[in-house]
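Read off the chains here:
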Protein chains: 2
Amino acid sequence: MNIVELIRKKRFGGALAEAEFRFLLNGYVDGRVPDYQMSAFLMACCFREMSDEEALTFVDVMLRSGEVLDLSDIPGVKVDKHSTGGVGDKVSLILAPIVASCGVLVPMISGRGLGHTGGTLDKLESIPGFRTNLSIPEYKQVLRKTGLVMIGQTEEIAPADKKLYALRDVTGTVECIPLIAGSIMSKKLAEGIDALVLDVKYGRGAFMQQEQEARRLAETLVRIGTYFGKETMAFLTDMNQPLGIAIGNWLEVVESMECLLGRRGEEDASNDLMNLAHALAGAMLMLGKRASSIEEGEEMSREAIRSGAAYRKFLELVEMQGGDVGAIENLENYPLSKHTIDVRIGEGGFITAIDPLELGFAAIMLGAGRQKVDDRIDPKAGILLRKKEGDRVEDHEVVATFFTDREDIIDAARSRIANSFQVGTTPSAQRPLIHSLIDKAGARPWR
Amino acid sequence: MNIVELIRKKRFGGALAEAEFRFLLNGYVDGRVPDYQMSAFLMACCFREMSDEEALTFVDVMLRSGEVLDLSDIPGVKVDKHSTGGVGDKVSLILAPIVASCGVLVPMISGRGLGHTGGTLDKLESIPGFRTNLSIPEYKQVLRKTGLVMIGQTEEIAPADKKLYALRDVTGTVECIPLIAGSIMSKKLAEGIDALVLDVKYGRGAFMQQEQEARRLAETLVRIGTYFGKETMAFLTDMNQPLGIAIGNWLEVVESMECLLGRRGEEDASNDLMNLAHALAGAMLMLGKRASSIEEGEEMSREAIRSGAAYRKFLELVEMQGGDVGAIENLENYPLSKHTIDVRIGEGGFITAIDPLELGFAAIMLGAGRQKVDDRIDPKAGILLRKKEGDRVEDHEVVATFFTDREDIIDAARSRIANSFQVGTTPSAQRPLIHSLIDKAGARPWR
């Protein structure tokens, strides 16, 4: 088999067979296929549709490039959630302990921040001592004991995806439905789950700008999951303003803990976050056979907050993964940033838009994310929103507060954050947070 | 400027500005842009049109990545020819001395074999001692004294093209009109010529299969040449069977010498080769102001054969570039291949097709071309056609003879060559060799 012939086949619209994908992807993992040939292939994939069959083959080969975990010796149904990424999206920190506390096992493999979005791993690692790099035996041990485990992609799991993902990031080939779908599903199918709930985001702060593209991705993901025998359900959700109030790793842990404690998320600005968390948790509980409908699952989810069971489950997870439980129980003792800066708007009115993309990049400036692969994250850095879309503001009122140790970027960050807020004389029409739900039976509107 | 942003710009259909091309291409030459980013960019170029302006900018930046030769201190009009490549295409060896012997200077920078096609440099180097790697001062010296010089691309000329060309070859990005045009024209414009004649081939043995694609390339080349102030004319020519009778480096030199000596090319199977050589030479003589029309130039070209002036000019060139003139004057003294094998067909009839692509690959098997970049060429190896399209053949008649030192591939080569010939009961309709002519005034049919 000849690599150039495979690149040309894709370039001219052909479909690769399983043996060809194996030659290409396994060759890439072991170094026989160089980066420059793989990147040409990836770019060709961005212009050529993959047939359903080809997309499934691609996932299958990626999946089998590493170890496929077998969790069948751990009793219970295992369900995971995956989000395509957004700003202020700390849903996993809240929903995973909720679902586990209701008796469905959650073996979760998460990623780091990418582009302007945050990553669950970076958030968890802001908890002192928390280890996300467990070995496979440790991973299984924590899941068996806690019903919940949260780690990063290991060397064993889908190594082809790990290498491709890094290459896509530097070659302009991130936005491509079959590549995105292959990346997500190869990792998730390797985890050993029984079912999967997907949060596919669209809008200014998502990787897919248009609802229609997000829908195509969601349909592809559901088709792949179903083919591999996993019940799969996707929520199409709006990412045109940040979720909740916090952007930045430790700040998001704090917001999540306040939500798990029931102190936030009902009538305040974390309401969108909790509505989404309950809906996704409801679906996971239904797929995990603990609830007969999403609605019943949502009720169980709310009860897990009220009873404190979800919060206790999170403490248990922190302890099991080496984290400092005291830091979670005494959130106020965490080190402070050198600078705490309020951002004010000019003339008052109604907040008509809050740009999540700009705020995501602003948070990176503050130290909350990486500009280069090997940058270190400042876990304390980030932004707290004081106002959200639809809120009334007075002239010169504070709309956000940010936290950073970097003195030199304060002015730039202040104006970037201020410019993310749009103020008008009338409130803009409300958009639904959850647009629709897609499963193997098709798409239907959410309520 | 950010490389990923430039790749994405092209991917999503944007046009790069001059500064962006400079950043990308000069960065590639000096190593700041890695191969894997450039190959993603090149693949995106294969799917996105370049505007006329962008294509011109691309050529200009490639051209200026190295030295632009100034030949203005050498008196006389300088005209070159470029062919997009075919099988058995030894036109340059014949036409360059013809044109130079008629008083138009020919500073020719040629390439090596690529894919299934042969290269002028490899053919010249089959002449013992012939040096194609002259320095720039030597190049000018030979041109000044002989009116003719034939070398390979130097380090100084269009280094961005040199590096891109090698990358395109291994990343499936060869067929792409703006990239092909940029590659050809950046080299030709750097040579210091006043005018250029192009032989743009289409068909089974060409890189462009369809006449329509070849026409688009020809139009782009003419537009670029004209923009840079060089009179440019393109011939669209058929490459659905090999040109002349010889395929393989020394075999092609021999056929060329017999044509230059007037011993072949009138009423025999080298007729197509010579008709094309005279037409292209006619155009070069017209652009070089020695003839008032192509027809008059063609007559001068035929006379240069009859008088022996073209042949003597070639001997002069060989001598000036260190070649063994005795080897040309005594063609029969050249070393012989270990094996000389006749290829016969089964049932007789009329030859209806001779596949140049298959014959090109067969010649590589025999040793006449490279399978890998660093393979050594056997100059003696190759194929002589005994029959051409339209010829009558008897049952089991010899249609070709091949020459090789490689014993192990004889059977495979024999059947590959035999299968390249199609035999029918009636001759197929004749195709014109020269389809049309394109210059800045537009396209017109050839005669």
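Refer to the structure above for everything that follows.
Scanning chain A from N- to C-terminus turns up 17 helices and 14 strands. Against the 2.2 N^0.38 benchmark of 22 Å for 447 residues, chain A shows a C-alpha radius of gyration of 22 Å, consistent with a compact globule. Along the first, second and third principal axes, the C-alpha atoms of chain A reach 65 × 45 × 40 Å. Looking at the 447 residues of chain A, the share that counts as buried comes to 61%. Taking the contacts inside chain A whose residues are at least 6 apart along the sequence as the reference set, 76% of them involve residues at least 24 apart. Per element, the accessible surface of chain A, about 17,400 Å² overall, is 48% carbon and sulfur. Computed over 53 positive and 65 negative side-chain charges, the separation of the two mean positions in chain A equals 3 Å.

This next bit is on helix H8 (residues 159-170) of chain B. For H8 of chain B, which comprises twelve residues, the first-to-last C-alpha distance of 18 Å matches the rise-based estimate of 16 Å (1.5 Å per residue) to within 8%. All buried positions along H8 of chain B are accounted for by Pro 159, Ala 160, Asp 161, Leu 164, Leu 167 and Arg 168 of chain B. On its buried face, H8 of chain B sits against helix H3 (35-47) of chain A together with helix H2 (18-29), helix H3 (35-47), helix H4 (52-63) and helix H9 (177-190) of chain B. After H8 of chain B finishes, the residue Gly 172 of chain B shows a positive phi value of roughly 65°.

Residues and elements named next belong to chain B. Because side chains alternate across strand E7 (residues 339-344), one face comprises the buried residues His 339, Ile 341 and Val 343, and the other comprises Thr 340, Asp 342 and Arg 344, none of which is buried. Here E7 runs beside strand E11 (residues 398-404); their pairing, made up of six bridges, is antiparallel. By the bridge assignment, Arg 344 is partnered in E11 with Val 398.

Residues and elements named next belong to chain A. Orientation of helix H9 (residues 177-190) relative to helix H10 (residues 211-227), taken along the N-to-C sense of each, is 40°, at an axis distance of 10 Å. The angle between H9 and H10 places the two elements in the oblique class. For H9 against H10, the interelement crossing comes out right-handed. Of the residues in H10, those touching H9 at Ile 177, Ile 180, Ala 181, Ile 184, Met 185 and Leu 189 are Glu 213, Arg 216, Leu 217, Thr 220, Leu 221, Ile 224 and Gly 225. Looking at the contact of H9 with H10, its residues break down into nine nonpolar, two polar and two charged.

The next subject is the nonpolar core. By size, the foremost hydrophobic cluster in this structure holds 85 residues, and its most contacted members are Phe 235, Ile 328 and Ile 383 of chain B. Of the residues forming this core, the biggest block, eleven residues, is contributed by helix H12 (residues 271-287) of chain B. For this core, the two domains that each supply at least three residues are domain 2 (79-330) and domain 3 (336-424) of chain B. Not counting the four nearest positions on each side in its chain, Ile 383 of chain B is found in contact with Ile 245, Ala 246, Ile 247, Leu 251, Leu 359, Ala 362, Ala 363, Leu 366, Ala 400, Thr 401, Phe 402 and Ile 417 of chain B. Residues Val 99, Met 274, Ala 277 and Val 325 of chain A belong to the second largest nonpolar core, which totals 84 residues.

All names here are of chain B. Ordered in space as E10-E8-E12, the three strands form an open sheet in which the pairing is antiparallel. Since the sheet does not close on itself, it has two edges, and those belong to strand E10 (392-393) and strand E12 (421-424), each with one partner. In the sheet, strand E8 (residues 349-354) pairs with E12 via four bridges, with the strands oriented antiparallel. Along E12, the bridge assignment pairs Ile 351 with Val 423. Against the sheet, helix H17 (residues 410-420) touches E8 and E12, its axis set at about 45° to E12.

A few words now on the interface of chain A and chain B. Facing 24 residues of chain A, the contacting portion of chain B comprises 24 residues. Buried surface at the junction of chain A and chain B, both sides included, amounts to about 1,900 Å², of which 63% is carbon and sulfur. If you sort the residues of chain A by the area they bury against chain B, Arg 11, Tyr 36 and Phe 47 of chain A come out on top, with a joint share of 35%. Along the contact surface separating chain A from chain B lie four salt bridges. The closest approach of N and O atoms between Glu 175 of chain A and Arg 11 of chain B, which form a salt bridge, is 3.5 Å. Elements with a contribution of two residues or more to the side of chain A that touches chain B: helix H1 (3-11), H3 and helix H8 (159-170) of chain A. With nine residues, H3 of chain A is the single largest residue contributor to the side of chain A that touches chain B.

Quick notes on the rules
- Positions within a chain are numbered from 1, following the residues in the order the chain's sequence is written.
- Naming scheme: in the order in which they are written, chains are lettered from A and ligands are numbered from 1.
- Two thresholds apply to this predicted model, a pLDDT of at least 70 for residue-level local features and 80 or more for giving and counting side-chain atom pairs, whereas whole-chain, interface and lining totals are computed over all residues.
- Think of the side-chain values as coming from all heavy atoms in the structure, minus any hydrogens and water.
- Helix numbering and strand numbering both begin at the N terminus, where a helix is a DSSP run of H or I of at least 4 residues and a strand a DSSP run of E of at least 2.
- Each radius of gyration reported is based on C-alpha atoms, and the globular scaling rule is 2.2 Å times the count of residues to the power 0.38.
- Residue exposure (1.4 Å probe, protein chains only): buried if accessible area is under 20% of the type maximum, exposed if over 50%, otherwise partly exposed.
- The criterion used for residue contact is that any of the two residues' heavy atoms lie within 4.5 Å.
- All accessibility values rest on the Shrake-Rupley procedure with a 1.4 Å probe; residue burial counts only the protein chains present in the view.
- Just so you know, the count uses Lys and Arg for positive and Asp and Glu for negative, and it drops His and the chain ends.
- A charged residue contributes its charge at one atom only: NZ of Lys, CZ of Arg, CG of Asp or CD of Glu.
- Expected helix span is given by 1.5 Å per residue-to-residue step, counting one fewer step than there are residues.
- At least two bridges found by DSSP between two strands are what make those strands a pair.
- Fitted lines through C-alpha atoms serve as axes, helices being fitted only where they are in contact, and the angles separating the N-to-C directions of these axes extend from 0 to 180 degrees.
- To sort the angles, those under 35 degrees are grouped as roughly parallel, those over 145 as roughly antiparallel, those from 65 to 115 as roughly perpendicular, and the leftovers as oblique.
- Left-handed is the label given to a crossing in which the near helix is rotated counterclockwise from the far helix by less than a right angle, and right-handed is the label when the rotation is clockwise.
- Classification convention: Asp, Glu, Lys, Arg as charged; Ala, Val, Leu, Ile, Met, Phe, Trp, Tyr, Cys, Pro as nonpolar; all other residues, Gly among them, as polar.
- For this analysis, a nonpolar core means a set of buried residues of the types Ala, Val, Leu, Ile, Met, Phe, Trp, Tyr and Cys, connected via side-chain atoms within 4.5 Å.
- Reported domain spans reflect what an automatic or database domain assignment gives.
- Buried area: the sum, over both parts, of the accessible surface (1.4 Å probe) that disappears when the two are put together.
- Any carboxyl oxygen of Asp or Glu within 4 Å of a side-chain nitrogen of Lys or Arg constitutes a salt bridge here.

It is worth stressing that arrangement in space is one thing and function is another; only the former is reported here.
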